[in-house]
Amino acid sequence: MQTIWLSGAEWCAVLRIGLGLWWLESWRHKDKKTWFTGGGIRWAAGIAAEHRWPAVRTGFDHLVKPHPRLMAYLVAYAELALGLGLIVGFLTPIALVAGTVLNLIYLVLMIHDWAEQGQNLMMALISMTGLLAMSWQSWSLDSAWGLFL
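The present account deals with the structure reproduced in this document.

What counts, and at which threshold
Residues numbered from 1 in each chain as written. Predicted model: local features only at pLDDT ≥ 70, side-chain atom pairs only at ≥ 80, totals over all residues. Heavy atoms only, no water. Core = buried A, V, L, I, M, F, W, Y, C linked by side-chain atoms within 4.5 Å. Buried < 20%, exposed > 50% of the residue type's maximum accessible area, 1.4 Å probe, protein only. Helix = DSSP H or I, 4+ residues; strand = E, 2+ residues; numbered from the N terminus. Contact = heavy atoms within 4.5 Å. 1 Å grid on protein atoms, 1.4 Å probe; cavity = no way out; pocket = protein on both sides within 12 Å on 5 of 7 lines; lining within 4 Å. Points joined across faces, edges and corners; volume = space filled by probe spheres on them. Nonpolar A, V, L, I, M, F, W, Y, C, P; charged D, E, K, R; others polar. Salt bridge = Lys/Arg side-chain N within 4 Å of Asp/Glu carboxyl O.

Ranked by internal contacts, the top residues of the largest apolar core, which has 28 residues, are Leu 19, Trp 23 and Phe 60. When contributions to this core are tallied by element, the ones reaching two or more residues are α1 (8-28), α2 (32-36), α3 (39-49), α4 (54-64), α5 (68-88), α6 (92-109) and α7 (114-132). The leading source of residues in this core is α5, at six residues. With residues up to four places along the chain from it excluded, the contact list for Trp 23 reads Glu 79, Leu 82, Gly 83, Leu 86, Gly 99, Leu 102, Asn 103, Tyr 106 and Met 123.

Structural data, given as structure tokens:
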């Protein structure tokens, strides 16, 4: 593919790295003290409790609410792992699928908040583009180690 300045694979790597930086920023900007003491899950519980879809309320009450500390760590460190994995290109297809799933969960939970919908839709779209364009072909550990050829 002919492009200006970089090859098509390199432009896909730029997109992947940018998405990784976005995930890293999602992790970085969390108030860790409040988040890990249950603040983030309490906030999400309030949103889930008033959600327009009963399945979201029920799912949250059964999966997340009984394990607030575990879920707080799971969410925060998933964002960190996604960011680092995408930046260095390690297990990239897995990270892109996991990121899409996490963005869709956030999207469904925050369906009433237009700003959150835009961010999560955009991140999911970039993830799917990176996956379908095989963005690990350039500037990645996956490429250097011959993974996911």
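Once you've had a look at it, read on.
Moving on, we get to the layout of surface pockets. What the largest pocket holds in volume is close to 920 Å³. Lining the largest pocket are 35 residues, and of these Val 75, Leu 102, Ile 105, Tyr 106 and Leu 109 lie nearest its centre. Those elements giving two or more residues to the lining of the largest pocket turn out to be α1, α3, α4, α5, α6 and α7. Top contributing element to the lining of the largest pocket by residue count: α6, with eight residues. Counted by class, the lining of the largest pocket contains 24 nonpolar, eight polar and three charged residues.

Its place among the elements puts Gln 117 in helix α7. Discounting residues that sit within four places of it in the chain, Gln 117 has contacts with Leu 107, Met 110, Ile 111 and His 112.

So, on to the pattern of salt bridges. In the structure shown here, the tally under the stated rule is three salt bridges. With a shortest N-O distance of 2.8 Å, Lys 30 and Glu 79 are connected by a salt bridge. One end of the pair, Lys 30, is in the loop between α1 and α2; the other, Glu 79, is in helix α5, with 49 residues separating them in the sequence. Assigned by exposure class, Lys 30 and Glu 79 land together as buried. Residue Asp 61 pairs with Lys 65 through a salt bridge whose shortest N-O separation is 3.9 Å. Under the relative-accessibility criterion, Asp 61 is labelled partly exposed at 39%. Given a relative accessible area of 49%, Lys 65 falls into the partly exposed group.

Honestly, that's just the spatial picture; any functional story needs more than this.
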